[in-house]
Amino acid sequence: MKIFYTILFSFVTCMAQSQKSNYSIDEFYPYKNEIGINFTNVLGNVLSLNPENASSPYGLTYRRHMGKISFRSAINVNITNTSEDDFSNGLFIRRTLNILKSDFRIGLEKQLVLNKRFLFSYGLDLLGAIGNEKSEIQDFNLGGRTFTSDDKTFGGGLGPVLRLEYKISDRIYLSSESSMYGFLSQTKSSLTVNGVKDEDTKSSDSSLILVLPQSLFFNISF
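A brief look at the structure comes next. (Residues numbered from 1 in each chain as written. Predicted model: local features only at pLDDT ≥ 70, side-chain atom pairs only at ≥ 80, totals over all residues. Heavy atoms only, no water.)

## Here's the deal with the overall build of the protein
Cut-off, in case you're wondering: Strands are runs of DSSP state E lasting at least two residues, helices are runs of H or I lasting at least four, and both sets are numbered from the N terminus onward. In this scheme, a residue with accessible area under 20% of its type's maximum is buried, one over 50% is exposed, and one in between is partly exposed, where area comes from a 1.4 Å probe on protein chains only. Residue contacts are defined here by distance: any two heavy atoms, one from each residue, within 4.5 Å place the two residues in contact.
Scanning the protein from terminus to terminus reveals 3 helices and 10 strands. Starting at the N terminus and ending at the C terminus, the protein contains elements arranged as α-α-β-α-β-β-β-β-β-β-β-β-β. Split into buried and exposed, the 222 residues of the protein put 33% on the buried side. Long-range contacts, defined here as pairs at least 24 residues apart, represent 69% of the contacts in the protein between residues at least 6 apart.

## Section: the side chain of Ser179
Following the sequence through the fold, Ser179 ends up in strand S7 (residues 172-193). Looking at Ser179, the relative accessible area reads 9%, which means it is buried. Discounting residues that sit within four places of it in the chain, Ser179 has contacts with Pro160, Val161, Ile209, Leu210 and Val211.

## Regarding the packing of aromatic side chains
Applied cut-off: Here a Phe, Tyr or Trp ring, Trp counted by its six-membered ring, pairs with any other such ring whose centre lies within 6.5 Å, and the pair is stacked when the planes are under 30 degrees apart, edge-to-face when over 60, and tilted otherwise. Each ring is checked for a lysine NZ or an arginine CZ that lies within 6 Å of its centre and within 35 degrees of its normal; such an atom marks a charge sitting over the ring.
Under the defined criterion, the tally for this structure stands at 5 aromatic pairs. Ring geometry for Tyr29 against Tyr173: centres 5.5 Å apart, planes inclined by 50°, an arrangement best described as tilted. With Tyr29 in the loop between helix H2 (25-28) and strand S1 (33-38) and Tyr173 in strand S7, this pair connects stretches of sequence that are 144 residues apart. For the residue pair Tyr29 and Tyr173, the accessibility class agrees, reading buried in each case. By way of ring pairs, the aromatic residues Phe28, Tyr29 and Tyr173 are connected into one cluster. Positioned over the ring face of Tyr31 is Arg171, at 3.9 Å from the centre of the ring.

## Details of the side chain of Thr148
Formally: Whenever two N or O atoms come within 3.5 Å, that pair is a polar contact, provided that in protein one can donate a hydrogen and the other can accept it, and provided that, for residues adjacent in sequence, both atoms are side-chain atoms.
Tracing the chain through its elements places Thr148 in strand S6 (residues 145-167). A polar contact of 3.3 Å, which involves the side chain of Thr148, links it to the side chain of Glu136. Excluding residues within four positions of it along the chain, Thr148 makes contact with Lys134, Ser135, Glu136, Ser190, Leu191 and Thr192.

## Structural notes on the environment of Leu158
Tracing the backbone shows Leu158 in strand S6. Contacts of Leu158, omitting those with residues within four sequence positions, involve Asp125, Leu126, Leu127, Met180, Tyr181 and Gly182.

Here it is in structure tokens:
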């Protein structure tokens, strides 16, 4: 998205022009608490851009400023519940799907004020993820047999993060960030037929992901 490259260009310009800032962190952050909302999709719709490449899984962030160090956190929760009856081709099948997924992170970052409008920070995050996906099929053509699949996922990781923030006013900021997270997860799957549980299976996954600054956050201080 062009807006992110514009912000990145402005950041590089500020770095070149401001070897030493005369502004303190207290001047940049007169209020100590900050809530941020990922509004990449909203911005993409308004400006007719394509936000599909935005890769941050977090929709809501909270930061607490403590001098040159800030506590940072973020969370995102997705809940999906669907039910469908299939009567096609002589079938009588009912399908239900319930999905709960939560991603969260906590960390610390150190601030570097570039000038009265731009701030750069770097830090480290700890990550967590919890997921549960349960699907059920009732096949009334087979005497009402019920098949239930249940997948439970737990994961965690950590990694460094770089952040750029633009100050619009004492209470309103725009920010974007880049990170490189290592992540491990484990999924436990089970299948139940008419209440009789089959043998559980386990699988694990690992990844190292570099995330470029493709998501834009609207932040409000208080």
